[in-house]
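Examining the three-dimensional arrangement
Residue-level listing of the chains:
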Amino acid sequence: MAILINRNSKIIVQGITGKSGLLHARQCRDYGSHIVGGVTPGKGGTTIDGFPVFDTLNEAILTTQATVTMILVPAPWAADAILEAADGGINLAVCITEGIPVRDMVVVKKYLHQNKMLLVGPNCPGVITPGECEVGIMPGTIHKKGNIGVVSRSGTLTYEVVKQLSDAGLGQSTCVGIGGDPIIGMDFIDVLKLFNEDPETKGVFIIGEIGGDAEETASQWIKENMKKPTAAYIAGLTAPAGKRMGHAGAIITGGKGLAADKIRVLSECGVTVASSPTKIAQAMMQALNKQDCNS
Amino acid sequence: MNIHEYQAKEILKSFGIPVPNGCMVKSVRQAEKSVEKFGCLCVLKAQIYAGGRGKAGGIKTVQDAGQACDVAKELLKKKLVTIQTGTHGLAVKRILVEETIAIEKEFYLSITLDRRTSRYCLIASAQGGIDIEEVARTSPEKIHTLYIDPFIGVRDYHARRIALSLGLKGRLIEDCIKLVQNLYKLLLEKDCSLVEINPLVISKDQRLIAMDCKINFDDNALFRHPDYEKMIDDSQLDSLEIQAKKYDLAYIKLNGNIGCMVNGAGLAMATLDVLKEYGGEPANFLDVGGGANREKVAEAFKIILKDKKVKGIFVNIFGGIMHCDIIAQGIIDATKQISCELPIVVRMDGSRLSEGKSLLSQSGLNVETVDTLADGVAKIVQRMGKKRKVIAN
């Protein structure tokens, strides 16, 4: 089971002949993902490292029956690649690309409202169902098959969290990096809904950060709907206001988006919040135990 | 990306949005001349990358060239400290000299991204010239919003609603429709993350004029606008932040003494949080990016070393696509160019870890490697503490 991807997912890589496109196509294949080919306009008909290359996504879908795409197209053309995927009938697009202009994403987001495709990212590490399938750039080795669903706005911080979970024996059902940009495809709630219905997921860990109010909105949803123990960590408790902390979305303006507010709201809604990024596994354990005591 | 008010007004003007007659000056002499040329009551506005200038004494009205001379002299030697600059303030190197305008009424008008709806949102209020967030808090009914559908844009009827909500009448309604539509056009064409006119005024002679304006550009869209680079005023930025930008590093100077180099923004924020939790004070936020190479790591490390406040360095790199030996090599490269005797603690995790560790241990640097984030932070804070003790004795 798990969510979004599994060992049967057929994956196409948009931008496969680029340096990072090829690197990550290979790494995903090595992990066991079923990468059926790639798209690079102008290079159709060739193969690269055993992957067939197509000029258009439509052609790739017709030939390979791919339902998932991993997008590693440079930022100026990435919005176009997402739209091509949606238009072509892909079920799930995972966009790794960082630095897509907001103006482009406003249009993409509106188009996705009238389309069934799910988008993860952009500016994200991707999705992994440990032991089965990786569609992304995360180091596969730190993951362990298990029952914790992980959803995160961050990249390397997710690796830190996952490693601590794995080291403590808390394997993962699926880990989803939803991305650090102001406009993203799936948000916390979209992913939490899937975890809520997934029989393999027994608990969920949320990794948030300063900026926006996605964590606050998710908290309310959790309070009303979440059936599974949930823990969280929010980065940026000590961040100065008004500065963009690396991620385009990570900025505190006008008193909104503060880590302290997010932590307070999450706690009020029954989420166990890790007091420090060094205490991830403890927080998850605590949440799982709390649930046991209640049931 | 920030720009000055005078630059923002030039952009407004090029999109047909009326602004007061004015010109930017860099010297007392130029200020005098401009006021003489305008031959009327003028206002001198300090150009800095921050708001709150009026209350901080950065905006002054002058009667004549003589007064302009005195005011310009004072402004140009000033570090203006406003509620937005922090205590260090910002140097005033440019002044906008403008004709004053007799004002009948002030409004607020802006367009920015609303993250919740993933749409650009136009905000208008008949209460202008003041802090809009304060208005939103105290009298939200005075704020009018329009969530712009990217597929249809700002239509006449949208803009007319805005004009009427501001209480405009007659020809001013048509002027306002044009202005609002031009503002949205500007936002899109120039890839702005914010355009804010505050105040937008009706002058005594019944014209709509943008009296003050702020524009921020979307950093992600700079590749579409190579001309923006020459608009940057280096005097308004920290020199290390300028250097970091050149190498595409996300660097923000903070007030502490522990230099930090981390890959990934989220992990970098988390690292600062743990440092503070353990009683340390970070000197900076520095994200070398997910796929940094040897040169980038070296440049990042050099930037940290150039900050004289730094008395110890903590490196936290979670591999994945980065190899630990590349990181080690980058650090060693940097210390060959700028010598470093400071204590360094390196936490690395990822591929080729043992190669990275042995490179560092043979480097002759005052370096320690650790395996976890908690160990790393505890170690650097402890070593900084020790050092302080030695000095105290």
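Residues numbered from 1 in each chain as written. Chains lettered and ligands numbered in written order. Predicted model: local features only at pLDDT ≥ 70, side-chain atom pairs only at ≥ 80, totals over all residues. Heavy atoms only, no water.

**Some thoughts on the interface of chain A and chain B**
The following threshold applies: Whether two residues touch is decided by their heavy atoms; if any such pair falls within 4.5 Å, the residues are in contact. Throughout, the accessible surface (probe 1.4 Å) given up by two parts as they are put together, summed over both, is called the buried area. Within this document, salt bridges are pairs made up of a side-chain nitrogen of Lys or Arg and a carboxyl oxygen of Asp or Glu, the two lying within 4 Å of each other. What counts as a helix is a DSSP run of H or I of at least four residues, what counts as a strand is a run of E of at least two, and both are numbered from the N terminus. Throughout, the ten residues Ala, Val, Leu, Ile, Met, Phe, Trp, Tyr, Cys and Pro are labelled nonpolar, Asp, Glu, Lys and Arg are labelled charged, and all others, Gly among them, are labelled polar.
Across the contact, 55 residues belong to chain A and 45 residues belong to chain B. Of the roughly 4000 Å² buried at the junction of chain A and chain B (both faces included), carbon and sulfur atoms supply 61%. At the boundary of chain A with chain B, the tally comes to seven salt bridges. When residues of the side of chain A that touches chain B are traced back to their parent elements, those giving at least two are α1 (19–31), α4 (102–113), α5 (156–167) and β13 (230–235) of chain A. Element by element, the count of residues in the side of chain A that touches chain B is highest for α4 of chain A, at eight residues. Looking at side-chain class alone, the side of chain A that touches chain B contains 25 nonpolar, 17 polar and 13 charged residues.

**Overview of the domain arrangement of chain B**
Using the following cut-off: All domain edges in this entry derive from an automatic or database-based domain assignment.
Per the domain assignment, the segments of chain B are domain 1 (1–19 + 101–233), domain 2 (21–100) and domain 3 (238–383). The C-alpha centroid of domain 3 of chain B is placed 42 Å from the C-alpha centroid of domain 1 of chain B.

**Re empty space enclosed by the protein**
Selection rule: Definitions used for this entry: grid spacing 1 Å over protein atoms alone; cavity, a set of points where a 1.4 Å probe fits but cannot get out; pocket, an open set with protein on both sides within 12 Å along at least 5 of 7 lines; lining residue, one with an atom within 4 Å of a point. Grid points are joined across faces, edges and corners, and a volume is the space filled by probe spheres set on the points.
Applying the stated criterion across every chain, the model contains two cavities of 30 Å³ or more. Here the largest cavity defines a volume of roughly 50 Å³. Lining the largest cavity, in full, are Pro125, Gly126, Met138, His143, Thr158, Tyr159, Val162, Cys175, Val176 and Gly177 of chain A. Sorting the residues of the lining of the largest cavity by element identifies α5 and β11 (172–177) of chain A as the ones contributing at least two each. Looking at side-chain class alone, the lining of the largest cavity contains six nonpolar, four polar and no charged residues. Approximately 40 Å³ is the volume attributed to the second largest cavity. In terms of lining, the second largest cavity is formed by Ile100, Pro101, Val102, Met105, Asp181, Pro182 and Ile183 of chain A together with Asn220 of chain B. Here the lining of the second largest cavity is built from residues that sort into six nonpolar, one polar and one charged. Looking at which domains feed residues into the lining of the second largest cavity, each of domain 1 (1–123) and domain 2 (138–295) of chain A supplies at least three.

**Re a nonpolar patch on the surface**
As a reminder, the rule being used: Patch building starts from residues that exceed 30% relative accessible area and form no salt bridge, then joins like charges within 9 Å and nonpolar side chains (Val, Leu, Ile, Met, Phe, Trp, Tyr) within 5 Å. Accessible surface area values rest on a Shrake-Rupley calculation with a 1.4 Å probe, where residue burial reflects the displayed protein chains alone.
Taken together, the side chains of Val107 of chain A together with Phe151, Ile152 and Tyr157 of chain B make up a nonpolar region of the molecular surface, amounting to roughly 330 Å² of accessible area. Looking at the secondary structure, you find Val107 of chain A in helix α4.

**Describing the pattern of salt bridges**
Basically, it comes down to this: Whether a residue is buried, partly exposed or exposed follows from its accessible area with a 1.4 Å probe, protein chains only, as a fraction of its type maximum: under 20%, in between, or over 50%, in that order.
Taken as a whole, this structure holds 40 salt bridges over all chains when the rule is applied. Its salt-bridge partner being Asp167 of chain A, residue Lys163 of chain A comes within 3.2 Å of it at the nearest N-O pair. With Lys163 of chain A and Asp167 of chain A both in helix α5, this residue pair falls four residues apart, about one helical turn. In this structure Lys163 of chain A comes out as partly exposed when scored by relative accessible area, which is 22%. Residues Glu277 of chain B and Lys279 of chain A are paired through a salt bridge, measuring 3.5 Å at the closest nitrogen-oxygen approach. Here Lys279 of chain A lies in the loop between β14 (272–273) and α9 (280–294) and Glu277 of chain B lies in helix α8 (residues 265–277), a pairing that spans two chains.

**Regarding unusual backbone geometry**
Gly121 of chain A connects to Pro122 of chain A through a cis peptide bond whose omega is 5 degrees. Note that Pro122 of chain A resides in the loop between β7 (118–120) and β8 (126–129). A cis geometry characterises the amide bond from Asn198 of chain B onward to Pro199 of chain B, with omega recorded as 5 degrees. Here Pro199 of chain B is to be found in strand β10 (residues 192–203). Even without being glycine, Asp49 of chain A reaches a positive phi, approximately 50 degrees. By the element assignment, Asp49 of chain A lies in the loop between β3 (47–48) and β4 (51–54). For Asp49 of chain A, a relative accessible area of 35% corresponds to the partly exposed category. If you check the backbone angles, Ser118 of chain B has positive phi at about 55 degrees while not being a glycine. A residue is classified by how much of its surface remains accessible, and Ser118 of chain B, at 6% relative accessible area, is buried.

**Overview of helix α3 (residues 65–76) of chain B**
One turn of the α-helix equals 3.6 residues, which is why residues spaced by three or four share an orientation. All names here are of chain B. Operational definition: Any helix carries an expected span of 1.5 Å times its number of residues minus one. Pairs of N or O atoms within 3.5 Å make up the polar contacts considered here, provided that, within protein, one atom can donate a hydrogen while the other can accept it, and that residues adjacent in sequence are counted only when both atoms are side-chain atoms.
Taking 1.5 Å of rise per residue, 12 residues should cover 16 Å, and α3 covers 16 Å from first to last C-alpha, within 8% of that figure. Taken together, the buried positions of α3 are Ala65, Ala68, Cys69, Val71, Ala72, Leu75 and Leu76. Where α3 is buried, its residues meet α2 (28–38), β2 (42–46), β3 (59–62) and β6 (95–99). Capping the start of α3 is the job of one residue whose side-chain oxygen sits 3.1 Å from the backbone nitrogen of Gly66: Asp64.

**Examining the nonpolar core**
Cut-off, in case you're wondering: By convention a nonpolar core is built from buried Ala, Val, Leu, Ile, Met, Phe, Trp, Tyr and Cys residues, the set being connected through side-chain atoms within 4.5 Å.
One finds Val151, Leu192, Phe205 and Met284 of chain A to be the most contacted residues of the largest nonpolar core, which totals 95 residues. With eight residues, α8 of chain B is the largest single contributor of residues to this core. Setting aside its immediate chain neighbours within four residues, Met284 of chain A contacts Ile148, Leu165, Leu170, Gly203, Val204, Phe205, Pro229 and Ala231 of chain A.

**With respect to the sheet that holds β2 of chain B**
All names here are of chain B. Definition in use: Any two strands with at least two DSSP-identified bridges between them are counted as paired. A fitted line through C-alpha atoms represents every axis, and for helices the fit uses only the stretch in contact; the resulting angles, taken between N-to-C directions, go from 0 to 180 degrees.
Taken in spatial order, the four strands line up as β1-β6-β2-β3 in an open sheet, and their pairing is antiparallel. The two strands at the open ends of the sheet, each matched to only one other strand, are β1 (22–25) and β3. On average, each strand axis in the sheet is inclined to that of its neighbour by 20 degrees, with strand direction left out of account. The pairing of β1 with β6 spans four bridges and is antiparallel. Following the sheet pairing, Val25 is matched in β6 by Ile95. Sitting on the sheet, α2 touches β1, β2, β3 and β6, and the angle it makes with β1 is about 170 degrees. Along the sheet, α3 contacts β2, β3 and β6; its crossing angle with β3, the most-contacted strand, is approximately 165 degrees.

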